[in-house]
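Here are the chains, one letter per residue:
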Amino acid sequence: MGPYRAPGSTPASFAGEAVVDELAEKIGMDPLAFRLKNCAQDGTRRIVGAVHRDIAGIDVLKAAQAHEHYSAPLGGPNRGRGVAFAYWGNWGAESSSTISVNGDGTVSLLLGSVDITGTRTSLAMQAAEALGLALDQVKPTVADTDAIGYTQVSAGSRTTMASGVSVVKAAEDVIAQMCARAAMLWSVPVESVSYDQGTFATSARATERIGFVELAGQLNQTGGPITGVGNVNVPEWGGTFGAHIADVEVDPETGKVTVLRYTAVQDVGTAIHPGQVEGQMQGGATQGIGWALYEGYAYDDEGQLLNPTLLDYKQPTALDVPSIETVLIEDPYPKHPFGVRGVGETPIVPPPGALANAIYRATGARMDELPMTPTHILEQMGVI
Amino acid sequence: MATVWIPSLLRDLTAGRQVLDAPGRTVGQVIDALDRAYPGFRDRLCEGNRIRPILTAYVDGRTAQLGLLEPVGEQSEVQFLPAVAGG
């Protein structure tokens, strides 16, 4: 299986969420209430044998239930509302970062993770927090492979989480080395030196204090430059759940689906940069909507691929997708210094299930393949 | 003995059994014990002296960062899961 967002999970969820929807309908139960009644909790064993820890799926379902979207009128004929609920486990693994202290009190943050989603910012924010500095004192740079230790892919919902651990470790290394310099300046034991929010102090003499910027300016007179190193292999991570609500209108003559409204709820851990987290949720949901309704290869009778380029291979644009509403459930992951969970993959998992269930409620027809093209919808409706 | 969860793709070796007990103080020793009971088990999981890159071993919910040398306790749970390339 090649790289993809939440690989393999989206089509499996499409099938599973349709079955769950049918079960709820069979016993006359609200589809979100049915999922809530059966939701995994801490200690629930997954099918592969692993045990869920530190999860917040129930909070996600309750937030979806309480969202105004879930009870809003559909406002017209041929419309339906569907929901789907999904999980993705994320990843940790190897990350490397270094932080070098500059004479003007700024720091140069060198990252092994390639920035494809704005992670330079979210990692610099974690470095600033760990160092007690302002964000504009941290200068992040993505290093090439000759300049930094091994770092796993910028994928797998791991970058802000695992490289965040690496950045924090590098920051702690910087602080430990600077405490030693302060101890040298004051001729006190290093164990007596502490650091809090930009200021070093010693319990040996209450009058001694020095700021990070001032001490940074004295590094070359106290032994030379300081670089902190954070090379980590993160063994544990926090998975996340997503509950999506979709409203659609289906043209009964053409089978065309219009997505009227879409809401994505997710337990995102601590949202280091909430705008980036929302962007991941909206981007993932949009990609999932594309998989649900448009993306697929078409072949003629002789096996010739009919849509080999992006001119013919339909993907959703801003004209096809409404402004996706997001609800961020901040349930900090306790084994990350700042509670970060990976967020990028979960939102691609529920869209086909949510849209299929919405189409069912609009048309009375269950969908059994992706993409749910107008032709397939009309076939399932018995129109053609 | 550790409790070992067998992924579906390997259950042809274990007569369909999903959960097994196996002795061993490291992941490598656990695999060797299972290989004695179910010949061919080691070849499916290992390549030389390492776990195949397409698999990840977990001990008590954590990735086995030391590979075959990862310590396993008497009450440990061990899982072997197919690795997936996410994005």
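Residues numbered from 1 in each chain as written. Chains lettered and ligands numbered in written order. Predicted model: local features only at pLDDT ≥ 70, side-chain atom pairs only at ≥ 80, totals over all residues.

### Re the overall build of chain B
Next up, step 1: When its secondary structure is counted, chain B shows 2 helices and 7 strands.
Next up, step 2: For 87 residues, the compact-globule estimate of 2.2 N^0.38 gives 12 Å, and the C-alpha radius of gyration of chain B, at 12 Å, lies within 12% of that figure.
Next up, step 3: Judged by the C-alpha coordinates and their principal axes, chain B covers about 35 × 25 × 25 Å. (Helix = DSSP H or I, 4+ residues; strand = E, 2+ residues; numbered from the N terminus. Rg over C-alpha atoms; globule rule 2.2 N^0.38 Å.)

### Digging into the pairing of strand 9 (residues 240–250) of chain A
Residue and element names in this part refer to chain A.
Next up, step 1: Taken across its 11 residues, strand 9 has 11 buried, putting it largely inside the fold.
Next up, step 2: Alternating positions in strand 9 separate into two faces, Thr240, Gly242, His244, Ala246, Val248 and Val250 on one and Phe241, Ala243, Ile245, Asp247 and Glu249 on the other, with burial throughout.
Next up, step 3: By the bridge criterion, 10 bridges tie strand 1 (residues 79–88) to strand 9 in an arrangement that is antiparallel. Each residue of the ladder has a partner; that of Ala84, found in strand 9, is His244.
Next up, step 4: Count of turn residues in the strand 9/strand 10 (residues 257–267) antiparallel hairpin: 6 residues, of which Gly255 carries a positive phi of about 80°. (Buried ≥ 20, exposed ≤ 12 C-beta atoms within 10 Å, placed from the backbone. Pairing = 2+ DSSP bridges.)

### Looking at the interface of chain B and chain A
Next up, step 1: Counting residues at the interface gives 13 residues for chain B and 21 residues for chain A.
Next up, step 2: Mapped by element, the contributors of at least two residues to the side of chain B that touches chain A are strand 6 (62–63) and strand 7 (77–82) of chain B.
Next up, step 3: The class makeup of the residues in the side of chain B that touches chain A is 6 nonpolar, 6 polar and 1 charged. (Contact = placed C-beta atoms within 7 Å. Nonpolar A, V, L, I, M, F, W, Y, C, P; charged D, E, K, R; others polar.)

### Remarks on the confidence of the model for chain B
Residue and element names in this part refer to chain B.
Next up, step 1: Mean pLDDT over chain B stands at 92; residues scoring 70 or higher make up 95%.
Next up, step 2: Mean pLDDT values over the elements of chain B span from 90, in strand 7, up to 97, in helix 1 (residues 27–37).
Next up, step 3: Reported for the predicted complex are a pTM of 0.94 and an ipTM of 0.85. (pLDDT = per-residue confidence, 0-100.)

### With respect to helix 10 (residues 374–381) of chain A
Residues and elements named next belong to chain A.
Next up, step 1: Among all positions of helix 10, only Ile377, Leu378 and Gln380 are buried. The buried residues of helix 10 occupy an angular sector of 160° when the element is viewed end-on, so they sit on one face.
Next up, step 2: For helix 10, the elements touching its buried residues are strand 9, strand 10 and helix 9 (351–363).
Next up, step 3: Positioned one or two residues after helix 10, Gly382 has a phi angle of 80°, which is positive. (Arc of directions from axis to C-beta.)

### Observations concerning the environment of Leu32 of chain A
Residue and element names in this part refer to chain A.
Next up, step 1: Within the fold, Leu32 resides in helix 2 (residues 31–37).
Next up, step 2: Taking the C-beta count within 10 Å as the criterion, Leu32 has 20 such neighbours and is therefore assigned buried.
Next up, step 3: Separated by 347 residues in sequence, Leu32 and Glu379 place their C-alpha atoms 28 Å apart.
Next up, step 4: Those residues in contact with Leu32, other than ones at most four positions away along the chain, are Leu61, Ala64, Gln65, Tyr70 and Val83.

### Structural notes on the sheet that holds strand 11 (residues 325–329) of chain A
Residue and element names in this part refer to chain A.
Next up, step 1: Read across the open sheet, the 4 strands follow the order 1-9-10-11; overall the sheet is mixed. Looking along the sheet, the strands with just one partner apiece sit at the ends: strand 1 and strand 11. The average undirected angle you get between the axes of adjacent strands in this sheet is 15°.
Next up, step 2: Two elements, strand 10 and strand 11, share 5 bridges in a ladder whose sense is parallel. The partner of Asp267 across the bridge, within strand 11, is Ile329.
Next up, step 3: Of the strands in this sheet, strand 9, strand 10 and strand 11 touch helix 8 (residues 274–293), which is tilted by about 135° from strand 10. (Axes fitted to C-alpha atoms, helices over the stretch in contact; angles between N-to-C directions.)

### Things to note about the sheet that holds strand 5 (residues 55–59) of chain B
Two pairing modes exist for strands in a sheet, parallel and antiparallel, and in both the strands are linked by backbone hydrogen bonds.
Residue and element names in this part refer to chain B.
Next up, step 1: Spatial strand order, 2-1-7-5-6: 5 strands in an open sheet with mixed pairing. Strand pairing shows two members of the sheet lacking a second neighbour, strand 2 (19–22) and strand 6, which therefore form its edges.
Next up, step 2: Note: strand 1 (residues 2–5) against strand 7, 3 bridges, orientation parallel. Following the sheet pairing, Trp5 is matched in strand 7 by Gln79.
Next up, step 3: Here helix 1 sits on the sheet and contacts strand 1, strand 2, strand 5 and strand 7; the angle it forms with strand 2, its principal contact strand, is near 110°.

### Things to note about the nonpolar core
Residue and element names in this part refer to chain A.
Next up, step 1: Ranked by internal contacts, the top residues of the largest apolar core, which has 95 residues, are Ala127, Ala171, Leu355, Ile359 and Met372.
Next up, step 2: When residues in this core are grouped by element, the largest group, 12 residues, is from helix 6 (residues 159–186).
Next up, step 3: In terms of domain composition, this core takes at least three residues from each of domain 1 (9–90 + 237–381) and domain 2 (93–234).
Next up, step 4: Residues contacting Ala171, with those up to four places away along its chain left out, are Ile99, Ala127, Ala130, Leu131 and Gly228. (Core = buried A, V, L, I, M, F, W, Y, C linked by C-beta atoms within 7 Å. Domains from an automatic or database assignment.)

### Points about helix 6 of chain A
Next up, step 1: Compared with the 40 Å implied by 1.5 Å per residue over 28 residues, the 40 Å span of helix 6 of chain A between its first and last C-alpha is a close match.
Next up, step 2: Trailing helix 6 of chain A by a residue or two, Ser187 of chain A shows a phi angle of about 55°, which is positive. (Expected span 1.5 Å × (residues − 1).)

### Considerations on the domain arrangement of chain A
Residue and element names in this part refer to chain A.
Next up, step 1: Domain annotation of chain A identifies domain 1 (9–90 + 237–381) and domain 2 (93–234).
Next up, step 2: One C-alpha centre belongs to domain 1, the other to domain 2; they are set 39 Å apart.
Next up, step 3: At the interface, 16 residues of domain 1 touch 16 residues of domain 2.
Next up, step 4: Considered class by class, the residues forming the side of domain 1 that touches domain 2 number 7 nonpolar, 7 polar and 2 charged.

### A word on the pairing of strand 2 (residues 93–101) of chain A
All names here are of chain A.
Next up, step 1: Two elements, strand 2 and strand 8 (residues 227–234), share 8 bridges in a ladder whose sense is antiparallel. Residue pairing in the sheet places Thr98 in a bridge with Val229 of strand 8.
Next up, step 2: Here 5 bridges tie strand 2 to strand 3 (residues 107–111), and the two strands are oriented antiparallel to one another. Residue pairing across strands places Ser100 opposite Ser108, the latter belonging to strand 3.
Next up, step 3: Taking the residues between adjacent antiparallel strands as the criterion, strand 2 and strand 3 are bridged by 5 residues, where Gly105 takes a positive phi near 90°.

### Quick word on the packing of helix 8 of chain A against helix 9 of chain A
The geometry of a pair of packed helices is captured by two quantities: the angle between their axes and the separation between those axes.
Residue and element names in this part refer to chain A.
Next up, step 1: Packing of helix 8 against helix 9 leaves a shortest axis separation of 8 Å and a crossing angle of 55°. Our classification of the angle between helix 8 and helix 9 gives oblique. Relative to helix 9, the crossing made by helix 8 is right-handed. Contacts between helix 8 and helix 9 involve Ala285, Gly288, Ile289, Trp291, Ala292 and Leu293 on the former and, on the latter, Pro351, Pro352 and Leu355. (Parallel < 35°, antiparallel > 145°, perpendicular 65-115°, else oblique. Left-handed = near helix turned anticlockwise from the far one by under 90°.)

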